[in-house]
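# Architecture and fold: a report
Here are the chains, one letter per residue:
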Amino acid sequence: MEPLTIGFPPKTLIVFVTLSVLAIFIDLFMHRNNKPISLKSACFWSLFWVGIAFVFAGFLYLSHGQELATLFITGYTLEKVLSIDNLFVIMAIFAWFAVPDNDKLRVLYWGVIGAIIFRAIFVAIGTSLLSLGPWIEFIFAGIVGWTAIMMLKDKKNQQQIEDYSQHFAYRLVKRFFPIWPRLKGSAFLLTGNEVKKELKKPENSDIKIEQFRNSALYATPLMLCLAVIELSDVIFAFDSVPAVIAVSRDPVIIYSAMVFAILGLRTLYFVLEAMKQCLIHLEKSVIALLFFIAIKLALNASEHIFHHGYHISGPTSLLIVMVVLMLGIIASFLFPKKSE
């Protein structure tokens, strides 16, 4: 079965770019004060971003037909669900760096911008690799399946708290910038003059900065936190890009599904943060979907090699994704975590 593609039609690209840019500007304007978002507001905005994605899905339906619109919705839903695990990791990173609620929105904004850029690079590489032959999909299936297995192992060690001071991104920032060890408003970097002023304050008398004393710029803990989040997202992209490629090979479908899913992650973070203790079985749904994606990728590859005729259609994939997601949510409410 040949995969459906739409290529790069100018009209579709214009609608996609217009909606994406408009969504980013709305997000920037409405959350320009970097204030914490209430659960009610976060839920409203999360639904708003879903609505924006379905506007584009409606355009695809009218312009390219039902099947391509279904593939987009499936890829979008899949990316959204898989992002949940990434958001839980970001929660742990924020907790370790003791990031105040007022600064989380700012860090998440730059995290989203980085994710959009990295996804474009990974989608271009991933779709190009597919031209090398169906064996590439077997490799993608192995990557996704291995991630699912590692997530299963990590669930047994949930009590272990990672020391992010040993993280590669943390050490990389320290290699290029001296570190100012305390938060200074919402700044990622401080100039040398700003650091000198801070050192004169009585509350900072215990801080000693010997290395790069005359440096022009100093990184704050907020910069270190952002660097760790960005690298964690790059690692996450190794799984999410092959996952959406399992749904469609078309670069426009893949990238648009990812971008619209990413745009709503800032507000979704605050929903998950408030409901983390309630949605305790949601991660199991993510693991189950990763195994499903690995199977689908392997099935797609074997069909191209052996022509056995078996494949999982777009509507069936969407149904499986939605059912697995709902099972995780329902199980979380039926079998809540027992209080210790």
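For clarity, every value in this text was computed on a predicted model and none was experimentally measured. (Residues numbered from 1 in each chain as written. Predicted model: local features only at pLDDT ≥ 70, side-chain atom pairs only at ≥ 80, totals over all residues. Heavy atoms only, no water.)

### Considering the pattern of salt bridges
Scanning the entire structure with this criterion turns up seven salt bridges. The salt bridge involving Arg-119 is made with Asp-233; its shortest N-O contact spans 2.8 Å. With a gap of 114 residues between them, Arg-119 in helix α4 (residues 101-129) and Asp-233 in helix α8 (residues 221-245) connect regions that are remote in the sequence. Exposure class is identical for Arg-119 and Asp-233. Each is buried. Linking Lys-184 and Glu-198 is a salt bridge whose minimum nitrogen-to-oxygen distance equals 2.9 Å. (Salt bridge = Lys/Arg side-chain N within 4 Å of Asp/Glu carboxyl O. Helix = DSSP H or I, 4+ residues; strand = E, 2+ residues; numbered from the N terminus. Buried < 20%, exposed > 50% of the residue type's maximum accessible area, 1.4 Å probe, protein only.)

### A few points about the packing of aromatic side chains
Under the counting rule described, the total for this entry stands at 22 aromatic pairs. Consider the rings of Phe-56 and Phe-72, whose centres lie 5.2 Å apart with planes at 70°: the pair is edge-to-face. One end of the pair, Phe-56, is in helix α2 (residues 39-64); the other, Phe-72, is in helix α3 (residues 66-97), with 16 residues separating them in the sequence. Each member of the pair, Phe-56 as well as Phe-72, carries the same accessibility label: buried. Ring geometry for Trp-96 and Phe-97: centres 4.9 Å apart, planes at 75°, overall edge-to-face. (Phe/Tyr/Trp six-rings, centres within 6.5 Å; stacked < 30°, edge-to-face > 60°.)

### Some thoughts on the nonpolar core
Among the nonpolar cores identified, the biggest contains 99 residues, and Phe-72, Phe-94, Phe-97, Phe-260, Leu-272 and Ile-293 are the most heavily contacted of them. Per element, the largest residue contribution to this core is 17 residues, and it comes from α3. Every residue in contact with Phe-97, bar those within four places of it in the chain, is listed here: Tyr-164, Tyr-170, Pro-221, Leu-224, Cys-225 and Val-228. Judged by nonpolar contacts, the second largest core, of five residues, contains Trp-180, Val-195, Ile-207 and Tyr-218. (Core = buried A, V, L, I, M, F, W, Y, C linked by side-chain atoms within 4.5 Å. Contact = heavy atoms within 4.5 Å.)

### Let's talk about the environment of Ala-274
You can see Ala-274 is positioned in helix α10 (residues 265-275). The class for Ala-274 is partly exposed, based on a relative accessible area of 48%. When the C-alpha atoms of Ala-274 and Leu-39 are compared, they prove to be 6.8 Å apart, with 235 residues separating the residues in sequence.

### Re a nonpolar patch on the surface
On the surface, a cluster of nonpolar side chains totalling about 460 Å² of accessible area is made up of Ile-117, Ile-121, Ile-125, Leu-129 and Leu-132. Here Leu-129 lies in helix α4. (Patch = residues over 30% accessible without salt bridge, like charges linked within 9 Å, V, L, I, M, F, W, Y side chains within 5 Å. Areas by Shrake-Rupley, 256 points an atom, 1.4 Å probe, with all protein chains shown as cover.)

### What to know about the environment of Phe-138
Considering the arrangement of structural elements, one finds Phe-138 in helix α5 (residues 135-155). The class of Phe-138 is partly exposed, set by a relative accessible area of 28%. Each C-alpha atom of the pair Phe-138 and Leu-39 lies 41 Å from the other, and the pair is 99 residues apart in sequence. The residues touching Phe-138, leaving out its near neighbours within four places in the chain, are Ala-298, Ala-301, Ser-302 and Ile-305.

In short, geometric facts, not functional conclusions.
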